[in-house]
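Below, each chain spelled out in residue letters.
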Amino acid sequence: MRSDHRRRAFPRSHFRLWPAVAGPALLLALSAAAHAEPVLANVHARQSVSLNGKWNTIIDPYDVGYVDYRGVSQDALAKPTRGFALDRRQQDKSELLEYNFDTSPTLTVPGDWNSQNDRLLYYEGTLWYRRRFDAPKSAPGNRLFVYFGAANYEADVYFNGWRLGRHVGGFTPFAYEITDLAKEKDNSLVVRVNNRRRPEGVPAMNTDWWNYGGLTREVLLVQMPRTFIAQYHVGLKAGTRDSIEVTVQLDGPRKQQKVTVTLAGLGLKAEARTDASGMARIEFPVAQIPLWSPERPALHDVVLSSKTDQIADRIGFRTIKTAGTDILLNDKPVFLRGICIHEENPIRGGRAYSVEDARMLLGWAKELNANFVRLAHYPHNEHMARVADELGLMVWEEIPVYWAIQWKNADTLHLAQSQLTELIARDQNRASVVVWSVANETPITAERTRFLKTLVDTARSLDGSRLISAAMEVHGDKQNPDLRIVDDPFGEFTDLVSFNQYIGWYDGLPDKTARISWSIKYPKPVVISEFGADALQGWHADALTRFSEEYQEDLYRKTIAMLRKIPAWRGVTPWILADFRSPRRVLPNVQDGWNRKGLIGQNGKKKKAFAFLKAFYDEIEQRAARGK
Ligand code: GCB
């Protein structure tokens with residue numbers, strides 16, 4: 001979610017786009033509701049200069065360097081007259097300068113601050129970043145944007161002393177235009193990042209993951225022509241396999257242009273004119289297009305061009321839907337052989353952010369013979385979905401509506417909607433992404449169900465081509481202690497019945513799984529979104545000793561046996577691929593600040609349960625190949 005406090009003072013620099021996913025009616029609705037947020041599509045295909053590397057930083061636990069805009073005039077707001085944002089240098093000796101970025105220590109961007117400096121491991125508060133740079137050479141008339149892959153949790157961005165705006169939400173991208181503010185030499189980009197948890201936030205106060213702060217993803221200076229292709233969607237027309245639908249949204253002064261879409265490998269080309277709002281919709285028939293699937297992740301070169309701009313992408317085409325209790329990928333039933341993943345590199349420590357990190361994490365999922373990953377519990381970096389496209393992994397993407405948040409708070413809902421919108425705008429062209437998940441384990445109340453239903457409506461209005469779900473909860477029954485009931489009223493609105501269950505870990509010992517029976521209200525595909533047990537890699541004992549690899553393996557064996565008895569069982573994403581940091585996990589010499597439910601330890605070594613799950617997935621795959 002972005003807000004901008006200086007629009008009047010400096011109108012050109014506020015960059016606002018609406019995702020072009022669902023046609024002009026939606027675009028109008030979104031702009032009226034002001035819910036959609038700007039995302040530059042496919043930023044890596046653009047001409048850009050990286051601002052990654054060392055940034056000077058000042059830790060500011062009392063937030064004193066922040067120029068508070070409340071009570072000051074718009075002009076003062078647009079151009080602060082005091083504070084860190086000015087990135088001042090001492091002009092003469094009469095000037096007192098207590099803060100000085102030039103002599104301040106540095107941190108690496110991208111990267112969370114917690115894993116870079118022991119003093120910041122638990123830090124929650126404000127930290128100021130400063131980077132100076134010369135403007136990149138650019139063609140006359142080009143526009144310049146500063147793009148952030150993500151900043152957790154809230155970022156205030158200042159450029160050459162001007163305030164560009166604020167972005168709230170720690171896992172989605174945002175950009176500001178700086179065309180008219182940039183100088184040839186020695187520009188100053190200052191960002192205040194604050195990762196304080198807040199009751200009204202998304203997520204709120206309590207999570208089972210590390211609250212990594214900072215500029216956790218890349219920062220780029222991106223050049224665009226004056227009128228450019230800001231958003232596009234290329235995919236099979238909903239409900240068909242023989243027709244491609246393209247929407248394009250231009251931004252800039254020349255809104256009405258001819259736009260062309262070319263799929264050279266398929267010998268296809270089509271064109272249309274954008275309307276006065278810069279929007280065009282193109283539809284054309286296709287025959288026998290090679291579809292994307294985990295077995296054959298076919299991607300096609302797509303080029304979109306207008307008179308003023310051109311952008312290339314690699315896009316896969318597939319259909320995903322449900323029919324009764326089946327999930328159909330390209331109209332064929334599929335079982336989701338999945339695994340949950342946090343956006344963390346356990347070996348290096350800290351947030352994952354790079355293509356290499358994505359290849360490592362998703363490579364492990366492939367070794368497991370998975371065809372599906374659940375990217376929990378918030379939007380991961382864009383490389384994850386792109387690498388999943390290449391490797392042939394279906395993806396569940398999620399927003400951090402996690403446990404209890406302020407269901408009655410309209411701002412909280414708006415924030416959840418903006419994170420969902422930004423995520424969909426970013427990943428709408430990834431064939432790998434088959435599920436948007438709007439929440440994880442949210443205790444049932446009427447307000448919560450209303451809140452989540454609004455998110456489902458938002459997701460469906462932006463993208464009617466994917467499944468919508470959430471990780472729900474199960475509950476017991478007083479009369480029958482071995483019955484587990486899934487009847488969450490929110491299940492009415494989702495395409496999948498997905499729930500987390502921990503029988504054998506938080507609920508009894510693994511033997512209990514043998515006694516469990518299920519009552520599942522909805523005749524929809526059942527996807528178990530979590531089960532698992534902690535195990536310290538390399539620690540061996542009998543199968544009844546908690547935290548041993550044997551316990552974890554035994555729990556996996558027994559859980560799979562239990563789930564096989566659910567007739568509508570169509571997929572599973574055990575918790576979790578690799579151990580991850582969590583402040584809640586304090587057991588000395590075992591957890592030491594890590595959730596140990598990974599199939600892979602903090603050292604990158606596999607635990608016994610990894611081989612067990614792989615063998616199960618091999619069996620499922622072979623049975624599917626034999627058509628059983
Ligand atoms: C859950 C949560 C997940 C936790 C996990 C656990 O149900 O969804 O975020 O990390 O359990 O390990 O307890």
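In this text the structure is predicted, and so the values were computed from the model without any measurement. (Residues numbered from 1 in each chain as written. Predicted model: local features only at pLDDT ≥ 70, side-chain atom pairs only at ≥ 80, totals over all residues. Heavy atoms only, no water.)

With respect to the overall build of the chain
A count of helices and strands for the chain gives eight helices and 33 strands. The globule rule puts the C-alpha radius of gyration for 628 residues at 25 Å, and the 25 Å found for the chain is close to it. Across its three principal directions, the C-alpha atoms of the chain cover 75 × 60 × 45 Å. Counting contacts in the chain only where the partners sit at least 6 residues apart, residues at least 24 apart contribute 72% of the total. A total accessible area of about 23,600 Å² is found for the chain, and carbon and sulfur atoms account for 52% of it. Of the charged side chains in the chain, 84 are positive and 74 negative; the average position of the first set lies 2 Å away from that of the second. (Helix = DSSP H or I, 4+ residues; strand = E, 2+ residues; numbered from the N terminus. Rg over C-alpha atoms; globule rule 2.2 N^0.38 Å. Contact = heavy atoms within 4.5 Å. Areas by Shrake-Rupley, 256 points an atom, 1.4 Å probe, with all protein chains shown as cover. Lys, Arg positive; Asp, Glu negative; His and termini not counted. Charge placed at Lys NZ, Arg CZ, Asp CG, Glu CD.)

Comments concerning the confidence of the model for the chain
When pLDDT is averaged along the chain, the result is 92, and 92% of the positions lie at 70 or above. This stretch, residues 4-37, has a pLDDT under 50; its non-local contacts, to residues over four places away or in other chains, come to 98 contacts. (pLDDT = per-residue confidence, 0-100.)

Quick notes on the environment of Asn 117
By secondary structure assignment, the location of Asn 117 is in the loop between strand 4 (106-109) and strand 5 (126-133). Among the residues examined, Asn 117 registers a relative accessible area of 24% and is labelled partly exposed. Separated by ten residues in sequence, Asn 117 and Leu 107 place their C-alpha atoms 8.5 Å apart. (Buried < 20%, exposed > 50% of the residue type's maximum accessible area, 1.4 Å probe, protein only.)

A closer look at the site of the ligand
Close to the ligand lie 14 residues; Asp 208, Tyr 402, Glu 441, Tyr 506 and Lys 597 are nearest. At a separation of 2.6 Å, an oxygen atom of the ligand approaches a polar side-chain atom of His 377. For the ligand, the protein covers 96% of the area, taking 320 Å² as the surface of the free molecule. A class-by-class count of the residues in the shell around the ligand yields five nonpolar, four polar and five charged. (Near = heavy atom within 4 Å. Polar contact = N/O pair within 3.5 Å; in protein donor to acceptor, adjacent residues only side chain to side chain. Nonpolar A, V, L, I, M, F, W, Y, C, P; charged D, E, K, R; others polar.)

Focus on the nonpolar core
Core analysis: the largest hydrophobic core is formed by 82 residues, its most contacted members being Val 401 and Leu 455. Top contributing element to this core by residue count: helix 8 (residues 608-625), with seven residues. Two domains share this core, each providing at least three of its residues, namely domain 1 (20-224) and domain 3 (321-532 + 558-581 + 593-602). Not counting residues within four places of it along the chain, the set of residues in contact with Leu 455 comprises Ile 399, Val 401, Leu 413, Ala 416, Gln 417, Leu 420 and Val 438. Listed in part, the 28 residues of the second largest apolar core include Tyr 123, Phe 159, Phe 174 and Leu 215. (Core = buried A, V, L, I, M, F, W, Y, C linked by side-chain atoms within 4.5 Å. Domains from an automatic or database assignment.)

Some thoughts on the pairing of strand 13 (residues 243-251)
Each regular strand displays side chains that alternate between the two surfaces of the sheet. Of all the nine residues making up strand 13, nine are buried; the element is thus mostly covered by neighbouring parts of the structure. Residues Ser 243, Glu 245, Thr 247, Gln 249 and Asp 251 of strand 13 are buried on one face, and the alternating residues Ile 244, Val 246, Val 248 and Leu 250, pointing to the opposite face, are buried as well. Hairpin connection from strand 12 (residues 228-236) to strand 13: six residues lie between these consecutive antiparallel strands, with Gly 239 at a positive phi of about 80 degrees. Both strand 13 and strand 16 (residues 279-285) contribute to a ladder of seven bridges, which runs antiparallel. In the sheet register, Val 246 faces strand 16, and the bridge partner there is Ile 282. (Pairing = 2+ DSSP bridges.)

Structural notes on the sheet that holds strand 12
Spatially, three strands are ordered 12-13-16 in an open sheet, and the strand pairing comes out antiparallel. Single-partner strands in this sheet number two, and they are strand 12 and strand 16. With direction set aside, neighbouring strand axes in the sheet form an average angle of 15 degrees. In terms of strand pairing, strand 12 meets strand 13 through eight bridges, oriented antiparallel. Along strand 13, the bridge assignment pairs Val 234 with Val 246. (Axes fitted to C-alpha atoms, helices over the stretch in contact; angles between N-to-C directions.)

So, the packing of aromatic side chains
Taken as a whole and assessed by the stated rule, the structure comprises 26 aromatic pairs. A centroid spacing of 5.7 Å and a plane angle of 55 degrees characterise the contact between Trp 113 and Tyr 123, whose relative ring orientation is tilted. Taken together, the positions of Trp 113 in the loop between strand 4 and strand 5 and Tyr 123 in the loop between strand 4 and strand 5 put the pair ten residues apart, joining distant regions of the chain. Every member of this aromatic cluster is reached through a ring pair, and the members are Phe 84, Tyr 99, Phe 101, Trp 128 and Tyr 158. Lying across the ring of Trp 505, Arg 546 places its NZ or CZ 4.8 Å from the centre. Of note, Lys 606 hangs over the ring of Phe 610, and the distance from its end group to the ring centre comes to 5.2 Å. (Phe/Tyr/Trp six-rings, centres within 6.5 Å; stacked < 30°, edge-to-face > 60°. Lys NZ or Arg CZ within 6 Å of the ring centre and 35° of its normal.)

Side note on the packing of helix 5 (residues 410-427) against helix 6 (residues 446-462)
Between helix 5 and helix 6, whose axes approach to 10 Å, the crossing angle comes to 25 degrees. For the element pair helix 5 / helix 6, the angle class is roughly parallel. Classified by chirality, the crossing of helix 6 by helix 5 is right-handed. The segment helix 5 lies against helix 6, with Thr 412, Leu 413, Ala 416, Gln 417, Leu 420, Thr 421 and Ile 424 engaging Phe 451, Thr 454, Leu 455, Thr 458, Ala 459 and Leu 462. (Parallel < 35°, antiparallel > 145°, perpendicular 65-115°, else oblique. Left-handed = near helix turned anticlockwise from the far one by under 90°.)

Here's the deal with the sheet that holds strand 6 (residues 143-148)
Judged by pairing direction, the sheet is antiparallel, and its four strands sit side by side in the order 2-11-6-9 without closing on themselves. Only two strands of the sheet have a single partner each, and these edge strands are strand 2 (47-50) and strand 9 (174-177). Pairs of neighbouring strands in the sheet enclose a mean axial angle of 25 degrees, with direction left out of account. One ladder, built from four bridges, connects strand 6 with strand 9; its direction is antiparallel. Bridge pairing in strand 9 places Phe 148 opposite Phe 174.

With respect to the domain arrangement of the chain
Each assigned domain of the chain is listed here: domain 1 (20-224), domain 2 (228-318) and domain 3 (321-532 + 558-581 + 593-602). Between domain 1 and domain 3, the residue contacts involve 39 residues of the former and 42 residues of the latter. Carbon and sulfur atoms supply 61% of the area buried between domain 1 and domain 3, which totals about 3,500 Å² over both sides. Ranking the residues of domain 1 by area buried against domain 3 places Val 202, Trp 209 and Tyr 212 at the top, with a combined share of 19%. Counting every contact that joins domain 1 to domain 3 gives 13 residue pairs in polar contact (both at pLDDT 80 or more). Those elements giving two or more residues to the side of domain 1 that touches domain 3 turn out to be helix 1 (23-33) and strand 8 (162-168). Here the residues of the side of domain 1 that touches domain 3 sort into 21 nonpolar, twelve polar and six charged. (Buried area = accessible area lost by both parts, 1.4 Å probe.)

Re the side chain of Arg 130
Position of Arg 130 among the secondary structure elements: in strand 5. Owing to a relative accessible area of 5%, Arg 130 belongs among the buried residues under this scheme. A polar atom in the side chain of Arg 130 sits 3.0 Å from the side chain of Asp 102.

Comments concerning the pattern of salt bridges
What the rule picks out here adds up to 58 salt bridges. Between Arg 192 and Asp 63 there is a salt bridge whose closest N-O contact spans 2.8 Å. Taken as a pair, Arg 192 in strand 10 (residues 187-194) and Asp 63 in the loop between strand 3 (53-60) and helix 2 (74-78) lie far apart in primary sequence, 129 residues in all. Put simply, Asp 63, Glu 154, Asp 156, Arg 163, Arg 166, Arg 192 and Arg 198 are held in one network by salt bridges that share partners. (Salt bridge = Lys/Arg side-chain N within 4 Å of Asp/Glu carboxyl O.)

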